[in-house]
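# Geometric and topological summary
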Amino acid sequence: MSEQNPSFSIKEWNENDRPREKLIAKGKNSLSDAELIAILVRSGSRDESAVALSKRMLASVDHDINRLGKLSVKQLMNFKGIGEAKAVAIVAGLELGRRRKEGVKTVPKISSSKDAYDLFDRVIGDLDHEEFWVLYLNNANKVLQQKQISVGGKTGTLVDVRVVFRNALEYGATSIIIGHNHPSGAVLPSTSDKQLTQKLKQAGTSLDIKVLDHIIIGEKTYFSFADETIL
């Protein structure tokens, strides 16, 4: 960082130094998304400042920080001015943010589809591939365990029904809520989503373990089988 005359206003600082100095002088909440990313990028190029580079990256994802967080190191390196080190720093920084969001709070009791969505969204909302998770609940609808069942590709994931209910018996769950994400952002259930839901519901009936809902996580929204009365 270049030395600055302390009497200079922020507007007079060099643009590459401005985000770091602004954070120190005014606090983290005063920075825009582009300025925060510029701190991770650290430096721009001869033709473009770190802030301008960050703005360009954000513009490519419609200024959606969640979409930027889904980009891989290789994808970030497609931006002129972003090498491997800068790409790794961006991925690491945004992943820390995602993990922080994941651990913000634990909903002890599920009283609506929104409660279930919030729990699932923290772990699979930003992923670029499908994952299938289950909330295991007791008689009071309190969460006993939240567990990943399977990991798939961009268009689907295989689910072993036996694993789902073996875990339920192990945790002493009396009901479950299943959830998975659609990396495309769309939330309407596919035919296979509906078939899997019915398969799990039937298996649960024989074990007296109720499937309360199936939540599909999309881009800042969700689909609830229970809310739509198709469970």
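Here the structure is shown first, and the text comes after it.
The structure reproduced in this document is the subject of the present report.

Conventions and cut-offs
- Residues numbered from 1 in each chain as written.
- Predicted model: local features only at pLDDT ≥ 70, side-chain atom pairs only at ≥ 80, totals over all residues.
- Heavy atoms only, no water.
- Helix = DSSP H or I, 4+ residues; strand = E, 2+ residues; numbered from the N terminus.
- Buried < 20%, exposed > 50% of the residue type's maximum accessible area, 1.4 Å probe, protein only.
- Contact = heavy atoms within 4.5 Å.
- Areas by Shrake-Rupley, 256 points an atom, 1.4 Å probe, with all protein chains shown as cover.
- Pairing = 2+ DSSP bridges.
- Axes fitted to C-alpha atoms, helices over the stretch in contact; angles between N-to-C directions.
- Core = buried A, V, L, I, M, F, W, Y, C linked by side-chain atoms within 4.5 Å.
- Parallel < 35°, antiparallel > 145°, perpendicular 65-115°, else oblique.
- Left-handed = near helix turned anticlockwise from the far one by under 90°.

## Some thoughts on the overall build of the protein chain
Assigned secondary structure in the protein chain consists of nine helices and five strands. The buried share of the protein chain, taken over its 231 residues, is 40%. Taking contacts inside the protein chain between residues at least 6 apart in sequence as the whole, the part at least 24 apart equals 56%. Of the accessible surface of the protein chain, which amounts to about 12,900 Å², a share of 51% is contributed by carbon and sulfur atoms.

## With respect to the sheet that holds strand 3 (residues 175–181)
Strands sit in the order 2-1-3-4-5 across an open sheet of five strands; the sheet is mixed. A strand with exactly one partner marks an edge of an open sheet, and here the two such strands are strand 2 (143–151) and strand 5 (222–224). Taken pair by pair, the neighbouring strands of this sheet meet at an average axis angle of 20 degrees, ignoring direction. The sheet contact formed by strand 4 (residues 210–217) and strand 5 spans three bridges and is antiparallel. Residue Ile-217 lies in a different strand from strand 5, and its bridge partner there is Tyr-222. Strands strand 1 (131–137), strand 2, strand 3, strand 4 and strand 5 of the sheet are contacted by helix 7 (residues 113–124), whose axis makes an angle of about 55 degrees with strand 4. Where helix 9 (residues 191–207) meets the sheet, it contacts strand 1, strand 3 and strand 4, and its direction lies at approximately 160 degrees from that of strand 4.

## Focus: the nonpolar core
Counting 17 residues, the largest nonpolar core has Val-41, Met-57, Leu-68, Leu-76 and Ile-82 as its most contacted members. Per-element accounting of this core gives the leading share, five residues, to helix 3 (residues 50–60). If you look at the next biggest cluster of nonpolar residues, it comprises 16 residues, including Phe-132, Ala-168, Leu-200 and Ile-209.

## What to know about the packing of helix 8 (residues 161–171) against helix 9
Close contact between helix 8 and helix 9 brings their axes to 10 Å; oriented N to C, the two are set at 40 degrees. With respect to their mutual orientation, helix 8 and helix 9 come out oblique. Viewed along their axes, helix 8 and helix 9 form a crossing whose handedness is right-handed. Note on element contacts: helix 9 touches helix 8 through Lys-199, Leu-200, Ala-203, Gly-204 and Leu-207, opposite Val-161, Val-164 and Phe-165.

None of the figures reported here should be taken as evidence of function without further support.
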